[in-house]
Amino acid sequence: MTDIDTKFLRSFLSVASEGSFSKAANRLACSQATMSQRIRALENQLGSALFERSYHQVRLTPAGLDLLPHAQALVDRHDLLLDHIQEGSVSGSVRLGTAEDYALPILPKLLRQLRYQFPGIELTIVSAVSASLQQQVEARSLDMAIVTLPAPVRSARILAEPALCWVAATDFELLPDQPWPLAFYPEPCVFRQVAISTLKANGTPFREALVSTSGQVVRCAVSAGMAITVMADGMIPDGMVKLQPGGALPELPRTHIQLIERGEGLNNAARQVRKLVLRAY
């Protein structure tokens, strides 16, 4: 009987999530050649091609789609087994993903509680846009993530459902006959998608004044009066104000801040972090 290396399965999940061998290799801190070798070895073991490879895209074959939920379940059970064997004092590594806007309000409290209650837990925090964090949870490179997505995810824990707000500097002024200048994260930022689709549906002219992967850069552009952006109510920093919808600026919907997590693979340390995150909200 052939045993499948869980390293191969984690590599398969990462490529499936990223849609790219190079991105998956970066995620797992290995070379692209190593990633390709792992996938090739897994395909040889299973006797089926798992990915359709093209110059621009990597997609799952029918065999890959069939393997995906089984691979996730196997990795989850493997990690639970290790946690059971090492059972005792609460310790271990936990990988938490969060969008930058949601990290700032809760991280100080969360980290203090971890330090005093569970000094044996080693927490790794990854900050990225919600769609990327969701992919990393599916690939099992994150245990859980605090995300904002257009709709609630099945089995996710809803942390809050705040209204979305147009936000600007206190001294922001829109010049006559000028389009609304926007500052956002790049695709696939959910707030960016909601803002642009809402403005288009309302027939409101706009331009993307700034697109940055840095939340600090986006906030600087807004604070300087260069652009407006969208934030969840309750997450607006000092020096910025909500713009009341009406006329050119349409009303925005509510959003869903939710905690998504891997299947059954949460170890005891991760379950303790989950409790602290829920309390923080």
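Scroll up to find the structure this text is about.
Presented here is an overview of the structure given in this document.

So, how was this worked out
- Residues numbered from 1 in each chain as written.
- Predicted model: local features only at pLDDT ≥ 70, side-chain atom pairs only at ≥ 80, totals over all residues.
- Heavy atoms only, no water.
- Pairing = 2+ DSSP bridges.
- Helix = DSSP H or I, 4+ residues; strand = E, 2+ residues; numbered from the N terminus.
- Axes fitted to C-alpha atoms, helices over the stretch in contact; angles between N-to-C directions.
- Contact = heavy atoms within 4.5 Å.

Side note on the sheet that holds strand β11 (residues 240–243)
Reasoning step 1: The three strands lie next to each other as β10-β7-β11, forming an open sheet whose pairing is antiparallel. In this open sheet, the two edge strands, each paired with only one partner strand, are β10 (229–232) and β11. For this sheet the average axis-to-axis angle between neighbouring strands, irrespective of direction, equals 50°.
Reasoning step 2: Pairing of strand β7 (residues 164–169) with β10, which is carried by four bridges, proceeds in the antiparallel orientation. Pairing of Cys165 across the sheet is with Met231, part of β10.
Reasoning step 3: Of the strands in this sheet, β7, β10 and β11 are in contact with helix α8 (residues 215–223), which crosses β7 at around 60°.

Observations concerning the sheet that holds strand β5 (residues 144–149)
Reasoning step 1: Ordered in space as β4-β3-β5-β12-β6, the five strands form an open sheet in which the pairing is mixed. Since the sheet does not close on itself, it has two edges, and those belong to β4 (121–127) and β6 (157–160), each with one partner. With strand direction ignored, the average angle separating the axes of adjacent strands in the sheet is 25°.
Reasoning step 2: Pairing of strand β3 (residues 92–98) with β5, which is carried by three bridges, proceeds in the parallel orientation. Residue pairing in the sheet places Thr98 in a bridge with Ile146 of β5.
Reasoning step 3: Sheet strands in contact with helix α6 (residues 130–138) are β3, β4, β5 and β12 (256–261), and its direction is about 140° off that of β5.

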